[in-house]
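# Coordinate inspection notes
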Amino acid sequence: MSSTSPVPAVVLAAGHGTRMKSRLAKVLHPVCGRPMVARAALALLRAGCAPVVVVVGHQADAVAAAVRALGDPRIQVAVQAEQRGTGDAVAAAEGDWAAGEGPFVVVPGDVALLVPETVTRLLAAHAAAAGPVTFLTSRPADPAGYGRVVRDGAGSVERIVEAKDATPEERRIGEVNAGVYAFERSFVFGAGGALAALRPDNAQGELYLTDVVAEARRRGLRVAALEHGDARELAGVNDRAELAAAEAALYARTADRWMREGVTVRVPSLAWVEPEVELSPDVVVEPGAAIRGNTTVGTGAWIGPGALLADCAIGEGASIGPGCVLTRVTVEEGATLLPYTVAHGVHEKDPAATTEGDRVVVGPGARIGPLAHLRPASRLGAGVHVGNFVEVKNVVIGRGSKANHLAYLGDGSIGEECNVGAGVIFCNYDGFQKQRTVIEDGAFVGSDSQLVAPVVVGRGAYVGSGSTITRNVPPGSLSIARARQVDLQGRADQMRSRRLARQAAADRAAEEAAARGEGRKG
Ligand code: UD1
Ligand code: CA
């Protein structure tokens with residue numbers, strides 16, 4: 001690629017993608033977590049292309065949003081109002097950039113597996129060939145719907161014929177057009193350019209970009225075709241089967257890369273690690289784990305079977321148990337999340353309202369679950385224990401504190417070295433407003449207590465089991481707020497015989513009634 005000015009690129013993404021049989025535009029279907037058009041555009045950006053012009057048409061706004069979401073200023077969007085074919089789509093991309101000298105690249109919006117190195121190789125071959133057109137070819141196992149590369153007796157490329165226009169003999173050609181091209185701008189654009197010469201005289205009545213090849217020959221210019229060994233990488237995704245194949249290939253490629261970097265992927269065909277995830281040496285990924293989005297995993301961490309992680313930061317040596325589901329969670333080093341813990345730093349009702357402060361943080365060496373539920377803005381300090389059926393929302397828990405069983409802790413803070421008993425509830429909502437509960441350092445809250453917020457349990461205080469605390473508990477106080485126990489000596493047996501006698505009388509009455517009913521019938 002020229003060191004002075006970057007090479008522009010065009011992504012064709014205006015089509016419907018009818019073979020997908022979907023309400024969603026084909027190029028918006030995700031491949032390993034990202035719309036395929038975004039993956040194609042990303043490969044061009046990574047190859048250094050600029051601008052990267054994405055041609056949109058069908059579901060234009062959504063496709064434009066998908067590529068703008070990459071957040072790269074080199075992305076531009078052009079509109080092809082009517083989808084009249086791939087040649088017309090390139091014409092729609094024409095902008096100021098097209099007036100310059102030198103080459104530009106065209107890729108279809110459905111080559112989700114394209115890598116930047118391939119774009120770089122194409123441009124190098126194009127520079128070497130010194131012709132107006134260079135394109136990539138491949139030999140897929142099944143050339144089915146691809147355009148076939150027709151060569152003359154001398155082996156030079158003559159034209160590309162679409163499958164729908166091909167003779168049975170042409171259809172037997174194994175070398176296909178990958179749809180990835182480098183063109184000289186001056187050859188393609190302008191009144192005398194090759195695009196202006198295209199005619200829709202073909203089976204689909206479209207303006208085929210592929211006909212530019214024959215046009216070059218007509219003008220006596222040489223066309224270069226570079227055969228690419230990895231047909232899988234250049235496969236277009238046109239239907240659901242090809243979508244599944246593309247995803248499987250990209251997951252396999254990603255797992256392969258990490259295994260070479262010292263990650264143990266127990267069963268590579270059952271590990272779904274998205275390409276943007278960052279793993280580290282000695283990470284272990286068990287079968288069925290899915291690691292998505294902007295996630296990083298530190299050295300030696302264990303990701304258990306069936307765990308689902310999205311946008312998480314997992315510290316060194318942390319352990320994520322089987323079936324855990326984590327979104328926007330930071331797990332510090334050495335923390336353990338036991339099976340089926342759910343933690344999400346995203347507002348369930350309004351994900352758009354989520355801020356960075358909503359992230360869930362699990363401190364170093366903490367031990368969470370099994371079956372714990374951590375919700376937005378929960379921050380758990382070092383060595384904290386949160387056990388089964390404990391729900392934590394918007395609570396900061398200090399170092400070494402424990403809430404081991406069956407609790408709801410919502411809106412507040414718990415100091416260091418506190419003990420929160422089984423079944424404790426923070427009554428944070430009075431039907432109108434959320435209020436805060438504060439438990440200060442070293443306090444003990446007995447099992448089955450309710451803390452009616454706003455309320456403070458002072459430093460070192462002790463709340464008796466079953467208390468309903470509605471006023472602040474002073475520091476150091478032993479506070480009990482429950483009905484006093486009454487013991488009526490010997491009354492248990494009396495109560496039992498009274499109940500038995502009552503039951504016997506009721507049974508007798510029922511029998512007599514049944515007997516009268518029988519008599520009438522006979
Ligand atoms: C195209 C090529 C074929 C090649 C194959 C490689 C043509 C005529 N054929 O066929 O030779 O083997 O790709 O994968 O180019 N698009 C637009 N506007 C349009 C039509 C299409 O933007 O008017 C976009 C589509 O959204 C898609 C891309 O162009 O992303 C390619 O279109 P598609 O219908 O998939 O072309 P193929 O039939 O696969
Ligand atoms: Ca295609």
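Each remark here, short or long, concerns the structure printed above.
Below or above, wherever it landed, is the structure these notes cover. Not measured: the values here are computed from a predicted model.

Conventions we followed
- Residues numbered from 1 in each chain as written.
- Chains lettered and ligands numbered in written order.
- Predicted model: local features only at pLDDT ≥ 70, side-chain atom pairs only at ≥ 80, totals over all residues.
- Heavy atoms only, no water.
- Patch = residues over 30% accessible without salt bridge, like charges linked within 9 Å, V, L, I, M, F, W, Y side chains within 5 Å.
- Areas by Shrake-Rupley, 256 points an atom, 1.4 Å probe, with all protein chains shown as cover.
- Salt bridge = Lys/Arg side-chain N within 4 Å of Asp/Glu carboxyl O.
- Lys, Arg positive; Asp, Glu negative; His and termini not counted.
- Charge placed at Lys NZ, Arg CZ, Asp CG, Glu CD.
- Helix = DSSP H or I, 4+ residues; strand = E, 2+ residues; numbered from the N terminus.
- Buried < 20%, exposed > 50% of the residue type's maximum accessible area, 1.4 Å probe, protein only.
- Near = heavy atom within 4 Å.
- Polar contact = N/O pair within 3.5 Å; in protein donor to acceptor, adjacent residues only side chain to side chain.
- Nonpolar A, V, L, I, M, F, W, Y, C, P; charged D, E, K, R; others polar.
- Donors = N, O, S within 2.8 Å, 3.2 Å for Na, K, Ca; no water.
- Phe/Tyr/Trp six-rings, centres within 6.5 Å; stacked < 30°, edge-to-face > 60°.
- Axes fitted to C-alpha atoms, helices over the stretch in contact; angles between N-to-C directions.
- Parallel < 35°, antiparallel > 145°, perpendicular 65-115°, else oblique.
- Left-handed = near helix turned anticlockwise from the far one by under 90°.
- Contact = heavy atoms within 4.5 Å.
- Arc of directions from axis to C-beta.

## As for a positive patch on the surface
A cluster of basic side chains, namely Arg491, Arg498, Arg499 and Arg502, defines a positive patch on the protein surface. When you line up the elements, Arg491 lands in helix α9 (residues 491-521). The partly exposed category is assigned to Arg491, whose relative accessible area is 43%.

## Section: the site of ligand 1
Leu12, Gln80, Thr86, Glu162 and Asn177 are the nearest of the 24 residues found near ligand 1. Within the side chain of Arg19, an N or O atom sits 3.3 Å from an oxygen atom of ligand 1. Contact between ligand 1 and Asp110: an oxygen atom at 3.4 Å from a side-chain N or O atom of the residue. A total of 770 Å² of accessible area belongs to ligand 1 in isolation, and the protein chains cover 89% of it. Elements with a contribution of two residues or more to the shell around ligand 1: β1 (9-13), α3 (86-92) and β10 (176-184). Grouping the amino acids of the shell around ligand 1 by side-chain chemistry returns 9 nonpolar, 10 polar and 5 charged.

## Quick look at the coordination of the calcium ion (ligand 2)
Within the protein, the atoms that donate to the calcium ion (ligand 2) are Asp110 (OD) and Asn238 (OD1), at distances of 2.4 to 2.6 Å. Of this pair, Asp110 sits in the loop between β6 (103-108) and α4 (116-129) while Asn238 sits in the loop between β11 (223-227) and α8 (240-260), and the two are 128 residues apart along the sequence. Taken as a pair, Asp110 and Asn238 share a single burial class, namely buried.

## Digging into the packing of aromatic side chains
The full count for this structure, using the stated rule, is 7 aromatic pairs. For the ring pair Phe104 and Phe183, a centre distance of 5.7 Å and an interplane angle of 40 degrees mean the geometry is tilted. One end of the pair, Phe104, is in strand β6; the other, Phe183, is in strand β10, with 79 residues separating them in the sequence. With respect to class, Phe104 is no different from Phe183; both count as buried. Note on Tyr181 and Phe183: the rings are 5.1 Å apart at their centroids and 20 degrees apart in plane angle, and the pair reads as stacked. By relative accessible area, which is 4% here, Tyr181 ends up buried. Every member of this aromatic cluster is reached through a ring pair, and the members are Trp97, Phe104, Phe135, Tyr181, Phe183 and Phe189.

## A closer look at the packing of helix α1 (residues 36-46) against helix α2 (residues 60-68)
Where α1 meets α2, the closest approach of the two axes is 9 Å, and the angle between their N-to-C directions is 45 degrees. By the criterion of interaxial angle, the relationship of α1 to α2 is oblique. Handedness of the α1/α2 crossing: right-handed. Contacts between α1 and α2 involve Val37, Ala38 and Ala41 from the first element and Val63, Ala66 and Val67 from the second. The residue makeup of the contact of α1 with α2, split by class, is 6 nonpolar, no polar and no charged.

## Description of the pattern of salt bridges
Applying the stated criterion across every chain yields a total of 21 salt bridges. Between Arg459 and Asp441 there is a salt bridge; the shortest N-O distance is 3.4 Å. With Arg459 in the loop between β36 (455-457) and β37 (462-463) and Asp441 in the loop between β33 (437-439) and β34 (444-445), this pair connects stretches of sequence that are 18 residues apart. By relative accessible area, Arg459 is classed as exposed at 52%. Overall, the relative accessible area of 28% leaves Asp441 in the partly exposed class. Residues joined by salt bridges that share partners form a network here, namely Arg34, Arg39 and Glu276.

## With respect to α2
Because the α-helix completes a turn every 3.6 residues, residues three or four places apart line up on one side. Among the residues making up α2, those that are buried are Ala60, Val63, Ala64, Ala66 and Val67. Buried residues of α2 fall within an arc of 160 degrees about the axis and therefore sit on the same side. Away from its buried face by more than 90 degrees, α2 exposes Asp61 and Arg68. Each element contacted by the buried residues of α2 is listed here: β1, β3 (34-35), α1, β4 (52-56) and β5 (75-79).

## A few points about α1
Taken across its 11 residues, α1 has 10 buried, putting it largely inside the fold. Those residues of α1 not exposed but buried are Met36, Val37, Ala38, Arg39, Ala40, Ala41, Leu42, Ala43, Leu44 and Leu45. Of the residues trailing α1, Gly48 is marked for its positive phi of about 95 degrees.

## As for the environment of Asn404
Assignment of secondary structure puts Asn404 in strand β30 (residues 402-414). Remark: the alpha-carbon pair of Asn404 and Gly421, spanning 17 residues in sequence, is separated by 7.1 Å. Ignoring anything within four residues of it in the chain, the contact list for Asn404 reads His385, Val386, Gly387, Asn388, Val390 and Val420.

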